[in-house]
Amino acid sequence: MGFYDDLGVATTINAATTLTALGGSLMPREVLDAMQDAAGSFVDMYELHLAAGRRLAELTNNEAAYVPAGCAAGLVLAILGARTGGDPRAIRAFPGHAERPHEVIMHAAHRIPYDPAVQFAGATIRQIGDMKQTFAWELEAAISDQTAAVLYVWNSSLPPVALELSEVVAIAHARGIPVIVDAAAQLPPVSNLWRFTRDAGADIAVFSGGKALHGPQASGLMVGTAGLDEAARQNGAPYQRWARAMKVGKEEIAGLLAAVTRFVSLDHEALYAESMRRVEGWREAFIDLGGVSLTVESCNSAGQAIPRLHLEVDDRARLKGVLESLSSANPRISVLPDVRNGEEKGFWLTPELLVDEEVVLVRDAVRQALAVGN
Ligand SMILES: *Cc1c(COP(=O)(O)O)cnc(C)c1O
């Protein structure tokens, strides 16, 4: 009997995407092996963090890197680093150190449910722009001696009204303000590992370990300049400091490093072609069903080159029946609902996290569910 069976918790076939709520991603063999290997010995965690950081920096063409407990944790650490400069006295005086800069500037268009990372770092958000436009002078005017950092969220599903990252970097750096990029779901391409930092000049970019990297769910990847990376590290475990509550273990560090090593050497074009072939296969299998519009999409919701199939179902009751039938199937099948203005319009099927048998199983289950409601 497996762990989930034993506990009475149903597993699910993930045709949705890498969602924290579904367990992130599944770790490939080499990641699991690395974690098991690391689990077999004690080690000096300070040394391990630094050595893994150096290796990750090399792999990602950055000056420095660090393994936080996820992208959100990495954002907290980076903001704490920006606020304290890594000075142990400042970290000790935290929270509420009145002399420390406590504002983080964000575009209105970048306000997402991960904002609490800012509050967690004891800072407040100073918003610029609106959902229609942002002007460079708004950023200029928002910067003051209270500014700790600019937090920039890179995600193509957000309204495209933010200033260009390079422009933000130029304005912020001219005033000595660091720029932190939330790039949680911005992989592939591999080149994004250095695009925001080395190429566009941001000080730090943070990725999720448990999304496209297929690393441990409770890991992240922070890359960027040595100064801010080190200042961030000073706030986290194993130090008994402010962000101690977000520690990673030796196993997560080993797993994330193995995941990044694997990710940079994968043939992403071949993976894309394989996913596209699966998506086309689904489309062909559903094409004769009436009342369903099928669209092959080349990108996922975060804008990454991960193909998926969009199914729009005209009849709402039929759609509801399909979604219920998939979520109560055995095994359960998770898809990504398409909700617009509070109304369910259809759903997406993504093959990227499936093995061949599951692609077929999803095809048959979806076809059957759609046929019943027809
Ligand atoms: C997933 C996500 C996060 C959170 O990442 P974790 O690794 O789960 O902490 C933050 N920002 C964005 C844009 C995300 O997509």
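Residues numbered from 1 in each chain as written. Predicted model: local features only at pLDDT ≥ 70, side-chain atom pairs only at ≥ 80, totals over all residues. Heavy atoms only, no water.

Taken together, the buried positions of helix 2 (residues 29-38) are V31, A34, M35 and A38. Within helix 2, the buried residues cover an arc of 100° as seen down the axis, which keeps them to one side. The exposed residues of helix 2 that point more than 90 degrees off its buried face are R29, Q36 and D37. Those residues of helix 2 hidden inside the fold are in contact with helix 11 (250-265). (Buried < 20%, exposed > 50% of the residue type's maximum accessible area, 1.4 Å probe, protein only. Helix = DSSP H or I, 4+ residues; strand = E, 2+ residues; numbered from the N terminus. Arc of directions from axis to C-beta. Contact = heavy atoms within 4.5 Å.)

So, about the site of the ligand. As a matter of local geometry, the ligand sits amid T20, G70, C71, A72, I112, Y114, D182, A184, S208 and K211. For the ligand, an oxygen atom lies 3.5 Å from a polar atom in the side chain of T20. Between the ligand and K211, the relevant distance is 2.8 Å, taken from an oxygen atom to a side-chain nitrogen or oxygen of the residue. Isolated, the ligand exposes 380 Å² of accessible area, and the fraction of that covered by the protein chains is 86%. Of the residues contributing to the shell around the ligand, the split by class is 5 nonpolar, 3 polar and 2 charged. (Near = heavy atom within 4 Å. Polar contact = N/O pair within 3.5 Å; in protein donor to acceptor, adjacent residues only side chain to side chain. Areas by Shrake-Rupley, 256 points an atom, 1.4 Å probe, with all protein chains shown as cover. Nonpolar A, V, L, I, M, F, W, Y, C, P; charged D, E, K, R; others polar.)

On to the packing of helix 12 (residues 268-286) against helix 14 (residues 356-372), then. The contact between helix 12 and helix 14 brings their axes to 10 Å, and the two run at 25°. The orientation of helix 12 with respect to helix 14, classified from their angle, is roughly parallel. For helix 12 against helix 14, the interelement crossing comes out right-handed. Between helix 12 and helix 14, the contacting residues are E274, R278, W282, A285 and F286 on the first element and D356, V359, V362, R363, V366 and R367 on the second. Tallied by class, residues from the contact of helix 12 with helix 14 come to 6 nonpolar, no polar and 5 charged. (Axes fitted to C-alpha atoms, helices over the stretch in contact; angles between N-to-C directions. Parallel < 35°, antiparallel > 145°, perpendicular 65-115°, else oblique. Left-handed = near helix turned anticlockwise from the far one by under 90°.)

Turning next to the sheet that holds strand 12 (residues 336-340). Sheet architecture is open: 4 strands sit in the order 9-10-13-12, paired in antiparallel fashion. The sheet is open, and its two edges are formed by strand 9 (292-297) and strand 12, each paired on a single side. Adjacent strand axes in the sheet meet at a mean angle of 25°, parallel and antiparallel pairs treated alike. Of the strand pairs in this sheet, strand 10 (residues 308-313) and strand 13 (residues 343-349) are connected by 4 bridges, and their pairing is antiparallel. Along strand 13, the bridge assignment pairs E312 with G346. Here helix 13 (residues 316-327) sits on the sheet and contacts strand 9, strand 10 and strand 13; the angle it forms with strand 13, its principal contact strand, is near 45°. (Pairing = 2+ DSSP bridges.)

Now for the packing of helix 13 against helix 14. Closest axis-to-axis distance for the helix 13/helix 14 pair is 9 Å, and the angle between their directions is 145°. Regarding helix 13 and helix 14, the two cross each other, and that crossing is right-handed. Residues R318, V322, S325 and L326 of helix 13 pack against A365, V366, A369 and L370 of helix 14. For the contact of helix 13 with helix 14, the residue count by class is 6 nonpolar, 1 polar and 1 charged.

What follows concerns the sheet that holds strand 7 (residues 204-208). The 7 strands are arranged 2-8-7-6-5-3-4 in an open sheet whose pairing can be described as mixed. Each edge of the sheet is formed by a strand with only one pairing partner; in this case those strands are strand 2 (64-66) and strand 4 (124-128). Adjacent strand axes in the sheet meet at a mean angle of 25°, parallel and antiparallel pairs treated alike. Of the strand pairs in this sheet, strand 3 (residues 103-107) and strand 5 (residues 147-153) are connected by 3 bridges, and their pairing is parallel. Paired with I105 across the strands is V150, a residue of strand 5. Lying on the sheet, helix 10 (residues 226-233) is in contact with strand 2, strand 6 (179-182), strand 7 and strand 8 (220-224); it crosses strand 2 at an angle near 25°.

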